[in-house]
Each structure stands twice: as C-alpha cells, then as structure tokens.
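Report on the structure
Here's the letter readout for the chains.
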Amino acid sequence: MSDRLLYSMSARERLPIEQFNVMFGAVCEQPQAPVREIESNNPRRQAVRLLDSLGHCEFDFDSWHVWTCPPALVLLPSYGLPKALLTGARSPALLGKLKQAVGKRRSKAVLHIIPLRTSGIQLPALVTIEAMDVETIETIAKESGVAADIKVPAAWRMVNFSSGLDEIKAAVTFIDRADINWQSSLFVPQRLTFVPKAARDPAQLQLVAYKNRIDQQIKHWLWDGTRAGETDRDWGRYLALAAFNFNVLLYDDRRHRLAAPLTVPLPCLLARALVLCTGKVPLTALIGQIPIGAVPSGHPIQIYEGVTPAISACVARKAGQTLIPAGLEPDENGVINA
C-alpha cells in the first residue's frame, strides 16, 4: 500500500466504500472481496481499522462511505522536544512543502519519514516533525498549508472526547422483541469471539450479530432477557465483557505498553488515542500457555506502545475495564509468556 492508497483517497473528501475496495485491491493486488463490518481480523479489515486509528480517514458503515480527514499536524505526548504527527490526507506535493519548510529550519527542526508495516500490510509512512518549540511546528504547518493542533496531545483529545461504557449502555433502547430468523452469531466472552448458532442465555446480557438476508448488512442486538436494543459492534463486545466482569486490557507499566485482544478491538476513538501516543501501529503477538486475565492462552493481541499510565487508566475506565498487569515483551516467536 505504502502511500499510494492514501494519495488516491486524498483526491476526494468522501467516497463510497465500494470504491475504496477497488483502490485497496489495485494497490495491494488482492482479490476485491468487499469490506464488511463483521470482519475483524482479515488484512483488509485491519487496514480499515489502522487507517482510522492513524487519523487519516473515518469509515461510516451506516452510510457505507469513507471520509478522508483534512491534513493536520497533531501533537504527540513527549517527555522531550515537541513532536507532531502528520495525519489526514496527503500528496507528494504536500510532503514536498513540508520538506522545504523544515529544510529552512535545519537548526530547529527535523523531519522523520518512517515506513509502517504490520501483519503483511504496508501502511502510509509515519511522518513526524520534531522541533525545538511548538512555535516552529506552527510556522512549518502554516507554510505547508496544513492545520496545526499542538496545544494538547491528540491522544488526550481523543480519549476525553470518547464516550464511556456507561453512556453507551444508557443510550441503548431496550424493547421487548422476538428473535429474528436471520443468520446469527453470538459473542462468547469466554472465547472473545462470535460463534455461529450458539445458544443465547436469557439470564445474561449478551450480544448477537444478525445478517440481513437481503443486503447482507450486519445488525448487532444487545439482549437482556426478552428485551433487546441495537448497539455498536465494538462497544457491544465491551458491554458483554463487563456483564461477565471479564477484564481483557493488559498493561505493562515498565514499558508503557497496553494490549487488547485482536478479536475485541477497542472502539475507534479509544484505539485512535492509543495509536496517537506514538503514531505507530500496534504490534501483534500471542498469549502463551498461561491465560492473562480473561485473555485465553494462544489468543492474538495487539500491543500499543508509548501509552502513559494516565492515558492507559483513562482508556480502561472508558471501556469499563480494569487493567491487568502484564509483561508485554514478546519472545522470539512473538509469544507473551506470563
């Protein structure tokens, strides 16, 4: 993918997801199977989530469109010199302007362009500017024609803007319903995944995904006995986990790393907050033979780097989770051993 997909998307502010599928398939030379919200761990779906978390675009699966964000330099949390990350739309011309503006200030600023790759997916390069002061970054942004949001780290803006689990649950309208005769799958907290044709327990708050027979779209109902309400897929999983008191967010306070199960990704604003701690995509690893918290052995996880204790605590609180202490240093086989 490199930057070519983002260059193509940047030519339009808004485009149908079907067109994104075509672009993705052309750049990545993969079969053009459609992106579906139900898919959470295939390469294309991972690319969708990562492009969103990096702040380049936003996917709306209700209107079935993708919106490319305007280009901006946003502040990263830092203990040293201020550092800003380029998010949103980009083009070769824009990168040229940034290089020129930074080049005029070689004694005060440096431009870093680092390739990003994860799970075989080549993502748009990580572009950051490190400077002696925020005023220099603001001047570079103005000369380059991009916005500058560098008063407060973007990670804090995202996590504070995000709703919390209690607010999400309060927004669900539960009404008496009869189950519908559509293809369905039940989210099973013990396995951290959806299981087709699994029996629902009326005594538990549970999440069920239904596939519309006509348009193949997915609807998610949160069941509470005989009452159910529609909810978001990502938040719905964390509501189900909270009902079972299952904690799945792991934190390494020595390395400042936070991990979430790959099959239970954090809702978009919280995931974006974690990525915008460094601008790097999360690492993928496996839990070893001993489960950690409610994450079973052998389960895949995503590890976010550079997450301060304060941000990690806020993310956990918003997700209705209690952080599980863990050493998040994969061995040579990519396994986390408790």
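For the structure, check the block above.
Please read these numbers as outputs of a predicted model, since none were measured by experiment.

Residue placement: glutamate 130 occurs in strand S7 (residues 121-131). Once residues lying within four places of it in the same chain are set aside, the contact partners of glutamate 130 are Leu81, Pro82, Lys83, Lys108, Ala109, Val110 and His112.

We note that leucine 192 has phi near 55 degrees; this positive angle belongs to a residue other than glycine. Residue position: leucine 192 is located in the loop between strand S10 (183-188) and strand S11 (193-196). Even without being glycine, lysine 197 reaches a positive phi, approximately 60 degrees. Along the chain, lysine 197 falls in the loop between S11 and strand S12 (205-211).

Next up on the list: the packing of aromatic side chains. Counted by the stated rule, this structure contains six aromatic pairs. An aromatic cluster is built from Phe20, Phe24 and Phe59, whose rings are joined through pairwise contacts. Its guanidinium or amino end placed over the ring of tryptophan 221, arginine 177 lies 4.3 Å from that ring's centre, counting from NZ or CZ. In this structure, arginine 200 packs its charged tip against the face of tryptophan 223, placed 3.9 Å from the ring centre.

For the rest of this paragraph, the subject is helix H5 (residues 134-144). Buried residues of H5: Thr136, Ile137, Ile140, Ala141 and Ser144, and no others. One side of H5 carries all its buried residues, which in axial view fall inside an arc of 140 degrees. Packing partners of the buried residues in H5 comprise strand S4 (72-75), strand S5 (83-87), helix H4 (92-103), strand S6 (109-118), S7 and strand S8 (147-149). Looking one or two residues past H5, glycine 145 carries a phi angle of roughly 80 degrees, positive in sign.

Before going further, it helps to examine empty space enclosed by the protein. A full pass over the atoms with the stated rule returns one cavity of 30 Å³ or more. Looking at the largest cavity, its volume works out to about 40 Å³. Around the largest cavity, the lining residues are Leu54, His56, Leu85, Leu86, Arg90, Leu116, Pro124, Ala125, Leu126, Val127 and Gly279. Those elements that provide at least two residues to the lining of the largest cavity are S5 and S7. Ranked by residue count, the leading element in the lining of the largest cavity is S7, at four residues. The class makeup of the residues in the lining of the largest cavity is eight nonpolar, two polar and one charged.

Taken in spatial order, the six strands make up an open sheet running S9-S14-S13-S12-S10-S11, and their pairing is antiparallel. Both outer strands of the open sheet, strand S9 (175-176) and S11, are each paired with one neighbouring strand and no more. Taken together, the seven bridges between S12 and strand S13 (residues 218-224) define a ladder with antiparallel strand orientation. If you follow glutamine 206 over to S13, its bridge partner there is tryptophan 223. Helix H8 (residues 233-243) contacts S10, S11, S12 and S13 of the sheet and is inclined by roughly 150 degrees relative to S12.

With that out of the way, let us pick up the nonpolar core. Counting 82 residues, the largest nonpolar core has Phe20, Phe59, Tyr238, Leu250 and Leu266 as its most contacted members. Among all residues touching leucine 266, those that are not within four sequence positions of it are Arg49, Asp234, Tyr238, Leu249, Leu258, Ala260, Ala271, Leu274, Val315 and Ala319.

As a further point, take the packing of helix H6 (residues 154-161) against helix H10 (residues 309-318). Closest axis-to-axis distance for the H6/H10 pair is 10 Å, and the angle between their directions is 20 degrees. Between H6 and H10, the angle falls in the class roughly parallel. Read as a crossing pair, H6 and H10 show a hand that is left-handed. Between H6 and H10, the contacting residues are Ala155, Trp156, Val159 and Asn160 on the first element and Ala310, Ile311, Cys314, Val315 and Lys318 on the second. Of the residues belonging to the contact of H6 with H10, the class tally is seven nonpolar, one polar and one charged.

Attention now goes to the pattern of salt bridges. Counting across every chain of the model gives 14 salt bridges. One salt bridge in this structure joins aspartate 52 and arginine 272, with 3.2 Å as the shortest N-O distance. Taken as a pair, aspartate 52 in helix H3 (residues 43-53) and arginine 272 in helix H9 (residues 268-275) lie far apart in primary sequence, 220 residues in all. By the burial criterion, aspartate 52 is buried, and arginine 272 matches it.

Basis of the calculations
Residues numbered from 1 in each chain as written. Predicted model: local features only at pLDDT ≥ 70, side-chain atom pairs only at ≥ 80, totals over all residues. Heavy atoms only, no water. Helix = DSSP H or I, 4+ residues; strand = E, 2+ residues; numbered from the N terminus. Contact = heavy atoms within 4.5 Å. Phe/Tyr/Trp six-rings, centres within 6.5 Å; stacked < 30°, edge-to-face > 60°. Lys NZ or Arg CZ within 6 Å of the ring centre and 35° of its normal. Buried < 20%, exposed > 50% of the residue type's maximum accessible area, 1.4 Å probe, protein only. Arc of directions from axis to C-beta. 1 Å grid on protein atoms, 1.4 Å probe; cavity = no way out; pocket = protein on both sides within 12 Å on 5 of 7 lines; lining within 4 Å. Points joined across faces, edges and corners; volume = space filled by probe spheres on them. Nonpolar A, V, L, I, M, F, W, Y, C, P; charged D, E, K, R; others polar. Pairing = 2+ DSSP bridges. Axes fitted to C-alpha atoms, helices over the stretch in contact; angles between N-to-C directions. Core = buried A, V, L, I, M, F, W, Y, C linked by side-chain atoms within 4.5 Å. Parallel < 35°, antiparallel > 145°, perpendicular 65-115°, else oblique. Left-handed = near helix turned anticlockwise from the far one by under 90°. Salt bridge = Lys/Arg side-chain N within 4 Å of Asp/Glu carboxyl O.

Note that all results are geometric; they support no functional claim without further evidence.
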